[in-house]
Amino acid sequence: MKIIKMGMPIFLILLSIVFIIGSFNLPKANLGNPNGPLYFPIGLSFLLLIFSVLYLFQELKTLNKENKKITQMLSGRTPKLIGITVLLGVGYAFIFEIIGFLFSTVLFLGALLFVVNGKQKWKVNLIVTVCFSFLSWYAFSVLLGVSLP
Amino acid sequence: MNNYLEGLMTSLEPMNILWVIVGGFLGTIVGMLPGLGPATAVAVLIPITFGMEPISAIILMAAIYYGAMYGGSRSSILLNTPGDGSAIAATFDGYPMAQKGQAGEAMAISAVASFIGGIMAVIGFVFLAEPLANFALKFGPAEYFLLMLLTLSAIVSLSIGKMIKGFLAMSLGLLLSTVGIDTQTGVYRFTLGIPHFSEGIDFLIVIIGVYAIGEVLYNFLTIDQLKKEKKKVGKIWFNKEQWKRSKWPILRSGPLGFIIGVLPGAGGSIASMISYSTEKQMSKKPEEFGKGAVEGLAAPESANNAASVGAMIPLLTMGIPGSGTTAVMLGALIMLGIKPGPLLFENDPTTVWSLINSMFIGNIALVIINILLVGVLVKILDTPAKVLYPIIVLLAFIGTYTLSYSAIDFFLLLVFGLFGLMLKVLDFPIAPLVLALIVGADMEQNFRKAVLSSNGSIDIFFASPISITLIFLTILSISYPAIIKFFQKRKERKNININM
């Protein structure tokens, strides 16, 4: 839990440092004030750094205080659900344009329903997968004229 | 008057009425899902508007918004689980009413209160929107920059107790808005050499990622704990005594909610809480509040619907969203090619007045949907979240694809979904991030235009009474939590002295 609590401020501090370095290295403008595009990012990067450091101190003060939400996120089947949803999303991104909307959606939604809703409810999962995939294809592609692969 | 009539005729077109009903119904369903509020409803349902006429699309969006506001209170009453922050107050007395077997009465009174609050606010909108738009025409780049600063500071300062996190979210949102080609000079900023980033990070992807994917992932934390409660709804109407107790709280809370909604930063949650506590203070039976007092449900319901209409005023007249949901709405409007701001009333009056008239129709449609179709809505509420959440994830993906027809955006969607989850778990306010990302680019451009027009001097920000007022209000809003703390401590000290 402490890793997650400390992870965010450290991530934000590192991010602000990356932005500070990146801001100072931005190309100068050929039009108008050459430094015009630099001021805002530089100012904001420093602002982010200041608040990230303050946040770090704030977290250090309450490091041993329990955060119920972090505990919940790490317990039971929650981490598995989150991880698999993200992985399935990545897979969906890879196959979406290759095998087309309808087939990739059936695979993605079906797999997600089996993971979230459980294997025992396979009948519901299958009906929802087939019906919703087809309905969404029909609604977007046919009714709304959205071009889907 | 001509513009008004033209807008009325457009909003009365059969297709537009149909869109109001469809939007209201879909919004109610998404808003009813525990944990998902109006912002998520609008974000998830954005793709429905693709390929539609802008006027129909904006009418649909508004209907989804109000539908979700209605929906949020259904789950508050039936499950004690508010759809979003503005529906929390509905749990205080709505759920106890349902436990006493008065779920039907509670839902009817909340629908009628929302309807009256909404209608009162729409009337306020009709009278206030155009004068405000005319006033906004006096704004130059300096005033616009300061107005955006005030909106951001107001939304951060309202996250009392987590202001550092609010400022962090705001800074991050502003910083992300600098990614892409600088429109004034053509300089590429933070694109990492990836052509996809040259137009910046599409804030709609961030919105859908944070509000749809992030919320669903966050709801996975409690997905196995959601209890299935079968509620007996009973008769969907209220009795004379209940109406007698509710009518004045409804009529008082409508205007109150509307004014709170117009203020930058303050939204439905604050409006409903203030109206609840006001009614409790004014009540002859304050001890009944929290135990199923009908006025304790009616007042916040009227206030939060009125606030949601009020929040549309700064959005449409100045292009400044005052809350997370209106920020999502702004994103959707920009995507549809509608640029909110004072000129919208001059350039595109039909769109504005069609929207305003559709709000009347929408409120009427929603009260009918929420009373006549209550059986269907309760059945939908019985649909397991475990089935609905995967569908919402899928809709988020489809919505993202339709933004730029590229599956590469799916990766960005997942990144922001995970980031949204972490923000929620670590108790960060999300609205400042989204709001800052949306107004960030305009804020920077206005700042630079103002400085450029004054030959590099920052005196321009103190040059007009409007600017000075905005600076004063910004300082006031940032110091607001400290002021509140000071008065609370003083009160505590006084109480201790009295007790001694």
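Residues numbered from 1 in each chain as written. Chains lettered and ligands numbered in written order. Predicted model: local features only at pLDDT ≥ 70, side-chain atom pairs only at ≥ 80, totals over all residues. Heavy atoms only, no water.

A.B. asks: Go over the overall build of chain B, please, and point to the residues and values.
C.D. replies: Scanning chain B for helices and strands turns up 21 helices and 2 strands. Relative to the globule expectation of 23 Å for 500 residues, the C-alpha radius of gyration of chain B, 22 Å, shows essentially globular dimensions. For chain B, the C-alpha atoms occupy an extent of roughly 65 × 60 × 50 Å along the three principal directions. Every one of the 500 residues in chain B was classed for burial, and the buried ones make up 64%. Considering only contacts in chain B between residues 6 or more positions apart, those separated by 24 or more positions represent 80%. As presented, chain B carries roughly 18800 Å² of accessible surface, and 66% of it is formed by carbon and sulfur atoms. Taken as two groups, the 33 positive and 29 negative side-chain charges of chain B have centres that lie 14 Å from each other. (Helix = DSSP H or I, 4+ residues; strand = E, 2+ residues; numbered from the N terminus. Rg over C-alpha atoms; globule rule 2.2 N^0.38 Å. Buried < 20%, exposed > 50% of the residue type's maximum accessible area, 1.4 Å probe, protein only. Contact = heavy atoms within 4.5 Å. Areas by Shrake-Rupley, 256 points an atom, 1.4 Å probe, with all protein chains shown as cover. Lys, Arg positive; Asp, Glu negative; His and termini not counted. Charge placed at Lys NZ, Arg CZ, Asp CG, Glu CD.)

A.B. asks: Could you give an account of the overall build of chain A, naming the residues involved and the relevant values?
C.D. replies: Check the secondary structure of chain A and you find 6 helices and 0 strands. For chain A, the α and β elements follow one another from N to C terminus as α-α-α-α-α-α. For 149 residues, the compact-globule formula gives about 15 Å, and the C-alpha radius of gyration of chain A, at 23 Å, lies well above that figure. The principal-axis extent of the C-alpha atoms belonging to chain A is close to 60 × 50 × 20 Å. Burial status across chain A gives 42% buried among its 149 residues. For chain A, the share of sequence-separated contacts (at least 6 apart) that also reach a separation of at least 24 residues comes to 57%. For chain A, the exposed surface amounts to about 8100 Å²; the carbon and sulfur share of it is 74%.

A.B. asks: Run through a nonpolar patch on the surface, naming residues and quoting values.
C.D. replies: Taken together, the side chains of F472(B), L473(B), L476(B), I483(B), F486(B) and F487(B) make up a nonpolar region of the molecular surface, amounting to roughly 560 Å² of accessible area. Here F472(B) shows up in helix α21 (residues 465-499). (Patch = residues over 30% accessible without salt bridge, like charges linked within 9 Å, V, L, I, M, F, W, Y side chains within 5 Å. Salt bridge = Lys/Arg side-chain N within 4 Å of Asp/Glu carboxyl O.)

A.B. asks: Provide a residue-level description of the confidence of the model for chain B, including the pertinent values.
C.D. replies: For chain B, per-residue confidence averages 85 on the pLDDT scale, and residues scoring 70 or more make up 97% of the total. Confidence estimates for the predicted assembly give a pTM of 0.84 and an ipTM of 0.94. (pLDDT = per-residue confidence, 0-100.)

A.B. asks: Any chance you could break down the environment of F486(B) for me, citing the residues and the numbers?
C.D. replies: Residues and elements named next belong to chain B. Inspection of the secondary structure assignment puts F486 in helix α21. Residue class for F486 comes out partly exposed when judged on its relative accessible area of 48%. For the pair formed by F486 and L423, sequence separation is 63 residues and the distance between their alpha carbons is 29 Å.

A.B. asks: A description of helix α17 (residues 374-382) of chain B should follow, citing residues and the corresponding values.
C.D. replies: Of all the residues in α17(B), the buried ones are V374(B), L377(B), V378(B), I380(B) and L381(B). Here the buried residues of α17(B) occupy an arc of 155° about the axis, which is enough to place them on one side. (Arc of directions from axis to C-beta.)

A.B. asks: Describe in detail the interface of chain A and chain B, supporting the description with residues and values.
C.D. replies: Think of interface size as the accessible area that goes away when the parts come together; that is how it is often given. If you look at the interface, chain A gives 63 residues, while chain B gives 62 residues. For the pair chain A and chain B, the summed buried area comes to about 5600 Å², and 82% of that belongs to carbon and sulfur atoms. Our count for the chain A to chain B interface comes out at 2 salt bridges. Ionic pairing is found between K69(A) and D427(B), a salt bridge with its closest N-O pair at 3.5 Å. (Buried area = accessible area lost by both parts, 1.4 Å probe.)

A.B. asks: Run through the confidence of the model for chain A, naming residues and quoting values.
C.D. replies: Mean pLDDT over chain A works out to 90, with 100% of the residues at or above the 70 mark. Looking across chain A, the model is least confident in helix α3 (residues 68-74) of chain A, with a mean pLDDT of 88, and most confident in helix α4 (residues 78-99) of chain A, with 95.

A.B. asks: Give me the pattern of salt bridges: which residues, what numbers.
C.D. replies: All names here are of chain B. Counted under the stated rule, the structure contains 12 salt bridges over all chains. Across the pair R252 and E279 runs a salt bridge, and its minimum N-O distance is 2.9 Å. Here R252 is found in helix α10 (residues 240-262), whereas its partner E279 is found in helix α11 (residues 268-282), with 27 residues between them in sequence. What makes R252 partly exposed here is its relative accessible area of 35%. Linking K339 and D442 is a salt bridge whose minimum nitrogen-to-oxygen distance equals 3.5 Å. Of the two residues, K339 is situated in the loop between α14 (324-335) and α15 (342-347) and D442 in helix α20 (residues 431-453); the sequence distance between them amounts to 103 residues. Each of D182, R189, E444 and R448 takes part in one network of salt bridges that share partners.

A.B. asks: Can you break down unusual backbone geometry residue by residue, with the values?
C.D. replies: Residues and elements named next belong to chain B. Phi is positive for F190, which is not a glycine, with a value near 50°. Tracing the sequence through the fold places F190 in the loop between β2 (188-189) and α9 (203-219). Looking at F190, the relative accessible area reads 16%, which means it is buried. At D427, a position not held by glycine, the phi torsion is positive, near 65°. Of the residues examined, D427 reaches a relative accessible area of 35% and is grouped as partly exposed.

A.B. asks: Can you tell me about empty space enclosed by the protein, naming the residues and giving the values?
C.D. replies: Per the counting criterion, the structure on display carries 1 cavity of 30 Å³ or more. Quantified by volume, the largest cavity comes out at close to 40 Å³. Residue lining of the largest cavity: M8(A), L12(A), L48(A), L168(B), A169(B), L172(B), F419(B), L423(B) and F428(B), and that is the complete set. Among the secondary structure elements, those contributing two or more residues to the lining of the largest cavity are α1 (2-24) of chain A together with α8 (163-176) and α19 (409-425) of chain B. When residues in the lining of the largest cavity are grouped by element, the largest group, 3 residues, is from α8(B). Tallied by class, the residues present in the lining of the largest cavity amount to 9 nonpolar, no polar and no charged. (1 Å grid on protein atoms, 1.4 Å probe; cavity = no way out; pocket = protein on both sides within 12 Å on 5 of 7 lines; lining within 4 Å. Points joined across faces, edges and corners; volume = space filled by probe spheres on them. Nonpolar A, V, L, I, M, F, W, Y, C, P; charged D, E, K, R; others polar.)

A.B. asks: Can you explain the packing of helix α4 (residues 54-79) of chain B against helix α16 (residues 349-372) of chain B? Please cite residues and give values.
C.D. replies: The relative placement of two packed helices comes down to the angle between their axes together with the axis-to-axis distance. Residue and element names in this part refer to chain B. Viewed as axis vectors pointing N to C, α4 and α16 meet at an angle of 35°, and their least axial separation amounts to 9 Å. Like other packed secondary-structure pairs, α4 and α16 cross with a definite hand, here right-handed. Contacts from I55, I58, I59, A62, A63, Y66, G67, Y70 and R74 in α4 reach T350, T351, S354, L355, S358, M359, N363, L366, V367 and N370 in α16. Of the residues assigned to the contact of α4 with α16, the class counts are 11 nonpolar, 7 polar and 1 charged. (Axes fitted to C-alpha atoms, helices over the stretch in contact; angles between N-to-C directions. Left-handed = near helix turned anticlockwise from the far one by under 90°.)

A.B. asks: Would you mind going over the side chain of N305(B) in detail, with residue names and values included?
C.D. replies: All names here are of chain B. For N305, the position within the fold is in helix α12 (residues 294-310). Among the polar contacts listed, one links the side chain of N305 to the backbone oxygen of S114, at a separation of 3.1 Å. Apart from the residues within four sequence positions on either side, N305 is in contact with M69, Y70, S114, G118 and N363. (Polar contact = N/O pair within 3.5 Å; in protein donor to acceptor, adjacent residues only side chain to side chain.)

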